[in-house]
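Okay, here's what each chain looks like letter by letter:
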Amino acid sequence: MPLRINLSSIQKLTDNISKQVRLSEVEILLINSFWTKKVLDKNDYLLRNGEICRTDNYIISGTLKAFYINADTGQEEILYFATDEWWATDIESFRRQEPSIYNIQALEKTELLQINFASFQRMLEQIPALERYFRIILESYLGTLQRRIVMNNVHNAESRYLDFLQNYPKLAAKVPQYLIASYLGISAEFLSRIRRRNKKPLN
């Protein structure tokens, strides 16, 4: 059952949007009407492999991991992490309303704002400026994905880890090391050796 949204939660979303596009007071009030609140406890799933991603999800607070299970090893393969004021959605599943091929799970108690597919379409029709906002978000996501592909193909594990620390210090401080190792495509033991060599603080 959707939870009641408090003003501070929705303001975080509208403040984020306002960094990219200008909204009128009427549009801000209208945005509020489309979203619902959801709270996940630690280890709860936002999305499971095979389910359709019914909502776009904005994180107010907390941390999520997106992953799939490697059929050969049975191990989790981390696709991405998402934390405060980030988005956590299977974009393709949401866009096509088709089953997802991965899972999204809470690493800690997480508060989300959600909008379902039909409401998302109505919101874009009624507030055209949001088309630009979500294009910017998508471009940022694609840029991050492109950077990760280059880092994985060109740089060694130590360089990838140091890049992760530099670009995602908050995640590096919150996410267990074995999950960071999975994200980087290395073993937890190898990551421990890299960390010992560098002795770099996480904050």
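The shown structure was predicted, so the numbers you read here are calculated from the model rather than taken from an experiment. (Residues numbered from 1 in each chain as written. Predicted model: local features only at pLDDT ≥ 70, side-chain atom pairs only at ≥ 80, totals over all residues. Heavy atoms only, no water.)

## A look at the overall build of the protein chain
When you go through the protein chain residue by residue, the secondary structure sums to nine helices and seven strands. Scaling as 2.2 N^0.38, a compact globule of 203 residues should have a C-alpha radius of gyration of about 17 Å, and the protein chain matches this with 18 Å. Taken along its principal axes, the extent of the C-alpha atoms in the protein chain is 55 × 35 × 30 Å. Taken over 203 residues, the protein chain has a buried fraction of 40%. Within the protein chain, counting contacts between residues at least 6 apart in sequence, those at least 24 apart form 73% of the total. (Helix = DSSP H or I, 4+ residues; strand = E, 2+ residues; numbered from the N terminus. Rg over C-alpha atoms; globule rule 2.2 N^0.38 Å. Buried < 20%, exposed > 50% of the residue type's maximum accessible area, 1.4 Å probe, protein only. Contact = heavy atoms within 4.5 Å.)

## A short note on the layout of surface pockets
Roughly 1,400 Å³ of internal volume is contained in the largest pocket. Considering the residues around the largest pocket, the lining is formed by 47 residues, among which Trp 87, Ile 91, Ile 137, Leu 138 and Tyr 141 are closest to the centre. Contributing elements (two or more residues each) for the lining of the largest pocket: strand 5 (76–82), helix 3 (91–96), helix 4 (117–126), helix 5 (129–154) and helix 8 (177–184). By residue number, the principal contributor to the lining of the second largest pocket is helix 8, which donates four residues. (1 Å grid on protein atoms, 1.4 Å probe; cavity = no way out; pocket = protein on both sides within 12 Å on 5 of 7 lines; lining within 4 Å. Points joined across faces, edges and corners; volume = space filled by probe spheres on them.)

## With respect to empty space enclosed by the protein
Any space left empty among the atoms is revealed by the rolling of a water-sized probe across them. Using the criterion set out here, one finds one cavity of 30 Å³ or more in the structure. In this model, the largest cavity occupies a volume close to 140 Å³. Taken together, Thr 144, Arg 147, Arg 148, Met 151, Asn 152, Arg 160, Asp 163, Phe 164, Tyr 168, Tyr 183 and Leu 184 form the lining of the largest cavity. Within the residue set of the lining of the largest cavity, elements represented by two or more residues are helix 5, helix 6 (157–167) and helix 8. For the lining of the largest cavity, the element with the most residues is helix 5, which contributes five residues. Classifying every residue of the lining of the largest cavity gives five nonpolar, two polar and four charged. (Nonpolar A, V, L, I, M, F, W, Y, C, P; charged D, E, K, R; others polar.)

## Points about the sheet that holds strand 6 (residues 103–106)
The strand order across the open sheet formed by four strands is 2-6-4-5, and the pairing between neighbours is antiparallel. The strands lining the two open edges of the sheet, one partner per strand, are strand 2 (45–47) and strand 5. Averaged over all adjacent pairs, the angle separating strand axes in this sheet is 30°, with direction ignored. Pairing of strand 2 with strand 6, which is carried by two bridges, proceeds in the antiparallel orientation. Its bridge partner lying in strand 6, Tyr 45 is registered against Gln 105. In the packing of helix 8 onto the sheet, the strands contacted are strand 4 (64–69) and strand 5, and the crossing angle to strand 5 comes to about 100°. (Pairing = 2+ DSSP bridges. Axes fitted to C-alpha atoms, helices over the stretch in contact; angles between N-to-C directions.)

## Digging into the pairing of strand 7 (residues 110–116)
Of all seven residues making up strand 7, six are buried, and the element is well covered by its neighbours. Direction of pairing for strand 1 (residues 36–40) relative to strand 7: antiparallel, over a ladder of five bridges. For Val 39, the partnering residue across the bridge sits in strand 7 and is Glu 111. As defined by bridge partners, strand 3 (residues 55–61) adjoins strand 7 across six bridges and the pair is classed as antiparallel. Along strand 7, the bridge assignment pairs Ser 61 with Glu 111.

Coordinates in, geometry out; function isn't part of it.
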